[in-house]
Amino acid sequence: MKLHRYAIIAVLAMLQYFTVMGASRFDSKALSDSLFRCLEKTDNPADSLVIMGNLFDIMPRDSGTIVGVEMFDVANRAGNTSAALEVLRNLANRYARNDSMLVELYNRTLRYSKLGNDGVQSINKEELNETRTFIRLARNIYQARHTDDKQRKDLLLDFMQTTALNPPANLYDRIVLQHAICVLLSQLGASDLLSSKLDELGELIDQLPPSAISLRNSYTVHAALLYSENGKYEKSMKADKKTLEGIEQLEKHYKETNRPYRNFDANRYVIYTRFLSNFPLLAPHEVEKYYKLAMEMVKRDFTSSETNNAYPGPQIYYNLAYKNYDKALEYIKGCINQPHNKPHLRRLLRYEIECAEALGDKETLLEASRQYNKLLEKYIAERLDEKYRELQVISFTSDMTNNYNRLQIEKQQSEARALRWIVIVAIIATVVLLVSVVILLRLNRRNRTLLKTLDGSNQSLREESQNLEESRRDLLKARDMAQKANNMKTDFIKNMSYEVNAPLKAINEYCKLIVDCSDASNRKYLERFSSLVELNSELLTTIINDVLHISEIDSDTVPVHNKSTDLRTLCTMVLDGVRHRIAPNVSLQFDTASPAISLFTDPQRVHQILLNLLTNAAKFTNRGSITLGYTVDENSGKVIFSVTDTGIGIKADKQEAIFDRFVKLDKETQGAGLGLTISRMLARIMGGDVRLDTTYTKGARFILILPKK
């Protein structure tokens with residue numbers, strides 16, 4: 001027996017050596033053969049369990065799965081219930097597409113409930129609940145993917161009714177129910193409602209004990225993918241970061257249990273690639289960090305290398321982040337036509353258009369735009385279908401809520417009728433009692449009068465209490481209806497805004513292509529019409545964006561991302577962005593006396609406010625100048641921006657009204673009257689303000705005040 005132990009230790013040491021040295025393309029067959037020879041020589045279940053665990057990690061998927069099934073029985077013979085439950089969770093991952101096998105794995109967890117008291121006490125009950133829940137979540141995903149839309153809607157309605165009317169008391173059952181709702185919504189395409197339900201599921205997951213690593217990882221992996229697909233990139237990155245933390249915990253656990261060769265590099269590669277896909281949200285040092293980590297996975301992990309060869313996502317996003325369009329375009333062209341990259345096709349075409357436009361490659365731009373527009377038409381149709389299905393789900397949910405409210409009202413009315421009968425009977429009994437008292441105690445009239453007065457007061461108080469309660473219920477119902485209507489308005493504005501932006505962009509791109517491809521004799525006229533189309537598209541986009549920004553601000557969903565910002569660079573960008581709107585007789589200037597400083601603020605929001613103020617100045621200034629500048633007030637710790645024009649000015653009685661919504665001093669000017677409103681609201685969100693300088697009389701001067709730190 002001692003000799004066998006030494007052989008096992010030697011093989012495990014060899015495994016650890018490969019792990020430490022980072023040898024990803026080792027001879028797995030040679031190692032597995034060595035482990036099988038050790039397995040044949042040992043007769044101790046505990047030693048066999050260690051060897052089989054490493055075989056499960058090293059061998060190909062199908063062969064390793066067979067070893068995993070046998071490991072369950074070996075772990076139970078060794079009295080290691082925790083290892084047996086871990087095997088069941090690993091097998092649930094591998095049998096995710098086999099529902100009958102998932103049922104069999106769940107049934108194996110039931111054997112522990114049938115053991116005697118000693119057996120029940122010897123296992124970790126929380127780990128047993130974790131394992132059962134993990135398998136049930138896998139079955140939720142299988143069921144959602146392998147049923148038709150009608151069955152999905154029926155299941156969803158049933159689950160949401162259960163959640164509303166009779167939610168489970170057990171935390172694990174609530175998690176399974178909420179997870180089932182999320183996966184059904186993901187299959188039905190209800191994106192906005194899905195994000196809300198995913199947040200609710202995350203709140204339930206946070207209530208689990210710290211040891212429930214597998215359930216947390218299962219949630220974060222799924223949530224990261226769904227959030228990313230629905231455009232919730234910050235939530236997706238947050239979920240992926242939690243997954244990385246879970247992976248580190250799992251690696252530590254496997255090393256402690258003599259399984260050092262469990263490899264999660266492929267999972268890391270997918271996460272780092274998804275991080276890089278959000279490069280517009282990343283700082284340069286973050287782009288460098290995640291790109292370096294992704295490429296390390298490619299070097300040392302075979303699966304990551306194969307994935308990268310098929311779809312070089314890290315290289316594409318890295319070069320796009322640094323505007324290396326020639327290199328990015330080379331990678332895109334190398335993989336865009338491969339069949340297995342079809343899920344990435346729309347994103348790849350969008351990036352190909354961006355690169356070709358930056359490089360002036362008109363042939364590539366034209367072909368990519370043609371393909372992208374065809375794909376975009378299909379995508380818009382799919383999105384409309386998803387929105388239709390989402391509205392159906394919301395309608396079902398609303399009907400369910402209305403039915404529930406109707407039942408509650410009927411219940412309350414029934415209780416009120418019963419209470420009235422009780423009051424009537426009580427009054428009759430009181431009257432009978434009073435008559436009896438009158439007959440028996442005629443001499444005690446003063447006491448009888450006092451008693452009647454007291455009974456009348458009590459009755460009045462009860463009736464008043466009932467009236468107050470009914471009024472309170474009516475007020476709550478009215479408040480809920482108003483809130484629901486406001487939420488539906490906000491959701492509608494957001495959805496319509498996002499859906500209109502893509503067709504407008506496509507119209508502008510086609511106009512540019514028509515001009516570029518036209519003859520020189522017609523180009524002058526076409527450029528004029530193209531400019532008109534672009535100008536009106538820009539106006540429409542501005543109006544839509546203003547309405548969307550107002551909606552976001554009203555719903556408290558405006559994100560603020562502060563970072564160090566060079567103010568001169570920012571002002572130059574704003575001036576360049578508004579220069580095409582300036583009248584011929586007007587000069588657009590930057591006050592060179594403005595100091596060269598950096599401000600820790602949100603550059604996007606400051607750019608948006610200054611652009612609104614300059615655009616407003618351009619509308620009402622036909623000759624003279626428009627000047628942008630800023631000063632620093634060290635005493636108050638404020639940075640003060642000023643936009644000064646020589647235009648028509650603002651009447652004294654309108655100087656505060658101009659900041660109200662939809663207020664336009666000149667009805668003939670373009671716009672929706674929201675620019676100044678949005679500017680002031682955004683400034684106040686960032687701790688500042690937008691004001692009109694009433695002391696300036698040669699035109700108009702608007703002041704933006706922001707905190708220096």
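Residues numbered from 1 in each chain as written. Predicted model: local features only at pLDDT ≥ 70, side-chain atom pairs only at ≥ 80, totals over all residues. Heavy atoms only, no water.

**Some thoughts on the overall build of the chain**
Right, so step 1: Looking only at helices and strands, one finds 25 helices and 7 strands in the chain.
Right, so step 2: Relative to its full complement of 709 residues, the chain shows a buried share of 40%.
Right, so step 3: Within the chain, contacts between residues separated by at least 24 positions form 67% of all contacts whose residues are at least 6 apart in sequence.
Right, so step 4: Carbon and sulfur atoms form 54% of the exposed surface of the chain, whose accessible area is close to 39900 Å². (Helix = DSSP H or I, 4+ residues; strand = E, 2+ residues; numbered from the N terminus. Buried < 20%, exposed > 50% of the residue type's maximum accessible area, 1.4 Å probe, protein only. Contact = heavy atoms within 4.5 Å. Areas by Shrake-Rupley, 256 points an atom, 1.4 Å probe, with all protein chains shown as cover.)

**Re the pattern of salt bridges**
Right, so step 1: Applying the stated criterion across every chain, the model contains 19 salt bridges.
Right, so step 2: Here Arg268 and Glu251 are joined by a salt bridge, their closest N and O atoms 2.7 Å apart. Of this pair, Arg268 sits in helix H14 (residues 265-277) while Glu251 sits in helix H13 (residues 233-256), placing them 17 residues apart in sequence.
Right, so step 3: Across the salt bridge formed by Lys333 and Asp361, the nearest N and O atoms sit 3.9 Å from each other. Remark: Asp361 occurs in the loop between helix H19 (345-359) and helix H20 (362-440) and Lys333 occurs in helix H18 (residues 325-335); sequence separation between them is 28 residues. (Salt bridge = Lys/Arg side-chain N within 4 Å of Asp/Glu carboxyl O.)

**Points about the packing of aromatic side chains**
Right, so step 1: Under the criterion given, the structure shown has 9 aromatic pairs.
Right, so step 2: Relative to Tyr351, the ring of Phe279 lies with its centre 6.0 Å away and its plane at 45 degrees, an arrangement referred to as tilted. Within this pair, whereas Phe279 is found in the loop between H14 and helix H15 (284-300), its partner Tyr351 is found in helix H19, the two being separated by 72 residues in sequence. Grouping residues by exposure puts Phe279 and Tyr351 together as buried.
Right, so step 3: Between Tyr630 and Phe641 the ring centres are 5.5 Å apart and the planes differ by 50 degrees, which places this aromatic pair in the tilted class. Linking Tyr630 in strand E4 (residues 624-633) with Phe641 in strand E5 (residues 638-645), this pair joins segments that are 11 residues apart in sequence. You'll find Tyr630 and Phe641 in the same group, each marked buried.
Right, so step 4: Among the aromatic residues, those joined into a cluster by ring pairs are Tyr272, Phe275 and Tyr290.
Right, so step 5: Over the ring of Tyr351 we find Arg350, and its NZ or CZ is 5.2 Å from the ring centre. (Phe/Tyr/Trp six-rings, centres within 6.5 Å; stacked < 30°, edge-to-face > 60°. Lys NZ or Arg CZ within 6 Å of the ring centre and 35° of its normal.)

**Observations regarding a nonpolar patch on the surface**
Right, so step 1: On the surface, a cluster of nonpolar side chains totalling about 570 Å² of accessible area is made up of Ile427, Val431, Val435, Ile439, Leu440 and Leu441.
Right, so step 2: When you line up the elements, Leu440 lands in helix H20. (Patch = residues over 30% accessible without salt bridge, like charges linked within 9 Å, V, L, I, M, F, W, Y side chains within 5 Å.)

**A look at the sheet that holds E4**
Right, so step 1: A sheet is described by the order of its strands in space; here 5 strands give the open sequence E2-E4-E5-E7-E6, paired in mixed fashion. Each end of this open sheet is capped by a strand with a single partner; those strands are strand E2 (586-590) and strand E6 (689-692). Each strand axis lies, on average, 15 degrees off the axis of its neighbour in the sheet, ignoring direction.
Right, so step 2: In the sheet, E4 pairs with E5 via 8 bridges, with the strands oriented antiparallel. Looking across to E5, one finds that Leu628 is bridged to Val643.
Right, so step 3: Each of E2, E4 and E5 touches helix H23 (residues 567-578); the most contacted strand, E2, lies at about 165 degrees to it. (Pairing = 2+ DSSP bridges. Axes fitted to C-alpha atoms, helices over the stretch in contact; angles between N-to-C directions.)

**A word on the nonpolar core**
Right, so step 1: Counting 63 residues, the largest nonpolar core has Leu105, Leu198 and Leu208 as the members making the most contacts within it.
Right, so step 2: In terms of residue count, the dominant contributor to this core is helix H10 (residues 171-188) (12 residues).
Right, so step 3: Once you skip the residues sitting within four places of it in the chain, Leu208 turns out to touch Leu171, Tyr172, Ile175, Leu215 and Arg216.
Right, so step 4: Formed by 42 residues, the second largest nonpolar core is a distinct cluster that contains Leu282, Tyr318, Leu348 and Ala368. (Core = buried A, V, L, I, M, F, W, Y, C linked by side-chain atoms within 4.5 Å.)

**Examining the confidence of the model for the chain**
Right, so step 1: The pLDDT averaged across the chain works out to 77; a share of 77% of its residues lies at or above 70.
Right, so step 2: Taking the mean pLDDT of every element in the chain, the minimum, 43, falls on helix H1 (residues 2-21) and the maximum, 92, on E5.
Right, so step 3: This model gives residues 1-26 a pLDDT under 50, and the stretch forms 45 contacts once residues within four places in sequence are excluded.
Right, so step 4: Contacts of residues 115-122 to residues separated by more than four positions or lying in other chains number 3 contacts, the stretch itself having pLDDT below 50. (pLDDT = per-residue confidence, 0-100.)

**Side note on the environment of Cys571**
Right, so step 1: Relative to the assigned elements, Cys571 resides in helix H23.
Right, so step 2: Spatially, the C-alpha atom of Cys571 lies 7.8 Å from that of His607, the residues being 36 residues apart in sequence.
Right, so step 3: Not counting residues within four places of it along the chain, the set of residues in contact with Cys571 comprises Phe590, Leu628, Tyr630 and Phe641.

**Examining unusual backbone geometry**
Right, so step 1: Phi at Lys323 is positive, roughly 60 degrees, even though this residue is not glycine.
Right, so step 2: As for its placement among the helices and strands, Lys323 is situated in the loop between helix H17 (313-321) and H18.
Right, so step 3: When its relative accessible area of 56% is taken as the criterion, Lys323 is described as exposed.

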